[in-house]
Amino acid sequence: MGLKLKLSAQKTGIILISPAILLIFSLLVYPVLYGVWLSFFKKHSFFPGQKFVGLANYIYLMTNSDFWMSIWYGTVYSVSTIVLQIVLGIIAALIVNEAFRGRNFVRGVLLFPYVIPTVVAIILWKWLLNNQFGLVNYLMMAVGIIDDPISWMGKDHIMTSLIIISVWEFFPFVVLSVLARMQTIPPTLYEAAQVDGAGPIRRFFHVTLPQLRNVLFVVILLRSIWMFTKFDTVWLLTQGGGAEKYIRTLPVYAYMRTFMYYQAGLGSTLAVIMFLILIISTAIYFKMFRREEEI
Amino acid sequence: MKMQKKLIMIIGFVCLFSLILGSTALAAKKVIHVWHTETNPKSREAIANIVARFEALHADIKVEAEALAWGDLEGKIMAALAAGSPPELSHGQPITCAALHEKGLLLPLDDVVKAIGEDNIWDQIKKVGKYGDHYYGLVHAAGTSLLVYRKDLANKKGLKNPKTWDDLLHNAKELTMDTNGDGKVDIYGLTIPGDNLFINILMGELTKANGGILFDDRNRPRFTDKKMIQILNFLKELTKYMPPGWEGHGYRETFANMYGKKAAMMYQGYGRGASLIEQYAPANMANTDYFDVWIKPHGPSGTKPAAQVDEEPWMLFKGCKYPKEAIEFLKFFYKDENYLEYIQTVPIHFFPITKSLRKSSAYHATPMIKKWKGWLDVQEYYLDNDLVKPTLVVDWEDMAGKPYLMEILGSGILKDMVMEVTKENVAPEKATAKAQKRAEELVKDRGYAKW
């Protein structure tokens, strides 16, 4: 009787988790495997018919200058935005962790960029940065920082504009995560440091920062993955405009190959490469962090 | 408590009953799906009115008209075709129509043409969707690209309609001005959009105007030809008189440069822009004394001007549910009284495809048409003299013979080539060689290479 009950409980468990497993398989495992499979084929994105080409897509990309440029642009974009998000995020979190009048209002305002839909944010920024009629150039010229308007959406500054917009849009995530951890740091640690004569800067480096290590590990990992695969912000900024060439990161290039060249095979190959880059980078990151922990 | 329970049950039953009744009524109707690209409120309203009148006459048909942004359309059509559930009707680029016809995915619209009267349609229009003896695309309206210029400024400088590219460069130089004497340019000679679509349109136009071709009979790209080098050298020179950052300007921003008094000429203007000028330019300037159009110049190897024609055909898809009903809807759409309402929503850009409407007094009585007549005259000149072709089409035979132009447009190969020369100072010979290689790869990949 007991065994029967146990078996039945197992069966019930399997039945209960099977929808979730089915969902994970159909929405996660299957698309990934299909993408890998597709990368070995030459296939039109929408019409039937495909031809097995083995590693030809991979070999083609290795000798393709546009591919290497997209890796370069993607790296510049993700590294610079992550560094700036972390630095600004920690500074902002330190400020709003202090008690001052209107603190709750400032905390709310800080979250604002993160809740605005990307499309709205991009439209707003495009007009702010417009080189002929934009407010940013107007203000910079009014206070004498520049003499001539800057072409923010042109070739020379489009990457800077993209980085500014992305940092503005996503640094609140760092603020939230870091602030949450800061609020749990025991005040006794600061009191002890103060007794030892540590000033605010030493307190930050010797108390706050070590306490933030774990949360920063996760934040850097997540933000790296998200920024390296970021598509909407990058694409919407130019939508195929002339300067698009200068911010053609890997996700944008994969999209173009799939939906503009209609080369689903090459598009999938790019996606697989992106996936592999992320897996390898994450593994290295984990290994480095573990080694540090051991030390 | 019991009463409450009863009441809830009654309400529930009533809701369920109405839902079933409503869905049954809807299911009994034949729903035809119509995708179009006229997203402006006036055109949407006109289409809604036409649909309402059509539905009033056909109680068993419901028309679901959906306005889509250009950028979304091609992908949506392709995805719908791949899923086996295409709409009945959709707008599309002429080169998309060519690609879909070549793959056997379209149904003929001969009955619509017959209802309008084949002789009643302008010859230029017929070339867009006619394959063999059948029409697989029928243009909803035609509008050509225009060289818009500030007439007041040009008159002050004594500038004339440029005949050649050298003349245009001269005009652009003359119109690049420092008007307030602070040593800085505040009006640039010329503005063009940096968008992929518009650069492709521009390259098609310039190739035609310079007597060149983009692809030969064997589908091999001809990007390294001397004529293409001339085009790129011309563009490099021209960009000296364009606002900094022009490559980041979209179509609307380019028009903003015009009515915002930051540029004196616009190479890729359209009649649609007359509405923008009326809306945003200072009231005293919103007329042809300030904003007029010139006939476009030709290149050193060409003899005739060339422009692009924006004339998306309606397409009827094979595999749709109600093709007959869709044909009935199109016949109704092109009836003079309905068609006029649609045309009047963007009157300077929508040239009617029917001779009867273009000659009618009702059409000519439209206030905007009276006001911007010069803009229409130039378009009519282009259309009647066969000086305009759809995007990337250099010769009418390209429509049927080069079904890969859609992919060439999407790939951005031409745009990248232009950017390399004008923004990165790459030598035209080097940039064209790179573009040639990319285009050859794409044509080969699509299976059209015959060299």
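Model, not experiment: these values are computed from the prediction. (Residues numbered from 1 in each chain as written. Chains lettered and ligands numbered in written order. Predicted model: local features only at pLDDT ≥ 70, side-chain atom pairs only at ≥ 80, totals over all residues.)

> Sorry if this is basic, but what is going on with the interface of chain B and chain A here?
The figure often quoted for interface size is the accessible area lost as the parts come together. Tallying the contact residues gives 33 residues for chain B and 24 residues for chain A. Elements with a contribution of two residues or more to the side of chain B that touches chain A: helix H3 (70–82), helix H9 (196–209), helix H11 (251–259), helix H20 (405–411), helix H21 (413–423) and helix H22 (428–446) of chain B. Counting residues per element, the side of chain B that touches chain A draws most heavily on H3(B), at six residues. Of the residues assigned to the side of chain B that touches chain A, the class counts are ten nonpolar, twelve polar and eleven charged. (Contact = placed C-beta atoms within 7 Å. Helix = DSSP H or I, 4+ residues; strand = E, 2+ residues; numbered from the N terminus. Nonpolar A, V, L, I, M, F, W, Y, C, P; charged D, E, K, R; others polar.)

> Help me out: how do you make sense of the domain arrangement of chain B in this one?
Residue and element names in this part refer to chain B. Each assigned domain of chain B is listed with its residue range as follows: domain 1 (21–142 + 311–384) and domain 2 (143–309 + 412–446). Where the side of domain 1 that touches domain 2 is concerned, the elements lending two or more residues are helix H17 (367–371) and helix H18 (373–384). Ranked by residues supplied to the side of domain 1 that touches domain 2, first place goes to H18 with seven residues. Class assignment for the residues of the side of domain 1 that touches domain 2 results in 13 nonpolar, three polar and two charged. (Domains from an automatic or database assignment.)

> Where do I start with the domain arrangement of chain A in this structure?
Here the domain parsing of chain A yields domain 1 (2–38) and domain 2 (56–294). Relative to domain 2 of chain A, the C-alpha centre of domain 1 of chain A lies at a distance of 36 Å.

> What am I meant to see in the nonpolar core here?
For soluble globular proteins, nonpolar side chains are generally found buried alongside one another. With 170 residues, the main nonpolar core has B:Leu109, B:Val148, B:Leu190, B:Met265, B:Met315 and B:Leu330 as its most contacted residues. Element by element, the count of residues in this core is highest for helix H7 (residues 158–182) of chain A, at eleven residues. Apart from the residues within four sequence positions on either side, B:Leu190 is in contact with B:Ala172, B:Leu238, B:Tyr241, B:Met242, B:Ala263, B:Met265 and B:Tyr267. (Core = buried A, V, L, I, M, F, W, Y, C linked by C-beta atoms within 7 Å. Buried ≥ 20, exposed ≤ 12 C-beta atoms within 10 Å, placed from the backbone.)

> Is there a simple way to explain unusual backbone geometry in this structure?
Note: most peptide bonds trans; most residues except glycine with negative phi. Residues and elements named next belong to chain B. Of note, the phi angle at Asn219 is positive, near 70°, even though the residue is not glycine. Structurally, Asn219 can be placed in the loop between H9 and helix H10 (226–238). In this structure Asn219 comes out as buried when scored by C-beta crowding, with 20 C-beta atoms within 10 Å. At Asp386, a position not held by glycine, the phi torsion is positive, near 55°. Looking at where Asp386 falls in the secondary structure, it is placed in the loop between H18 and strand E13 (388–389). Asp386 sits in the exposed class, given 12 other C-beta atoms within 10 Å.

> Teacher, can you tell me more about the pairing of strand E11 (residues 307–310) of chain B here?
Looking along a regular strand, one sees the side chains alternate between the two faces of the sheet. Residue and element names in this part refer to chain B. In E11, alternate side chains face the same way, and those of Ala307 and Val309 on one face and Gln308 and Asp310 on the other are all buried. Where strand E8 (residues 143–150) meets E11, two bridges bridge the pair, whose relative direction is antiparallel. Residue pairing across strands places Gly143 opposite Asp310, the latter belonging to E11. Summarising the sheet, E11 and E13 pair through two bridges and their orientation is parallel. Looking across to E13, one finds that Gln308 is bridged to Lys389. (Pairing = 2+ DSSP bridges.)

> Hey, could you run me through the packing of H7(A) against helix H9 (residues 200–228) of chain A in this one?
The geometry of a pair of packed helices is captured by two quantities: the angle between their axes and the separation between those axes. Residue and element names in this part refer to chain A. Orientation of H7 relative to H9, taken along the N-to-C sense of each, is 140°, at an axis distance of 10 Å. With respect to their mutual orientation, H7 and H9 come out oblique. The chirality of how H7 crosses H9 is right-handed. Across the interface between the two elements, Val174, Ser177, Val178, Arg181 and Met182 of H7 pack against Thr208, Gln211, Leu212, Val215 and Val219 of H9. Tallied by class, residues from the contact of H7 with H9 come to six nonpolar, three polar and one charged. (Axes fitted to C-alpha atoms, helices over the stretch in contact; angles between N-to-C directions. Parallel < 35°, antiparallel > 145°, perpendicular 65-115°, else oblique. Left-handed = near helix turned anticlockwise from the far one by under 90°.)

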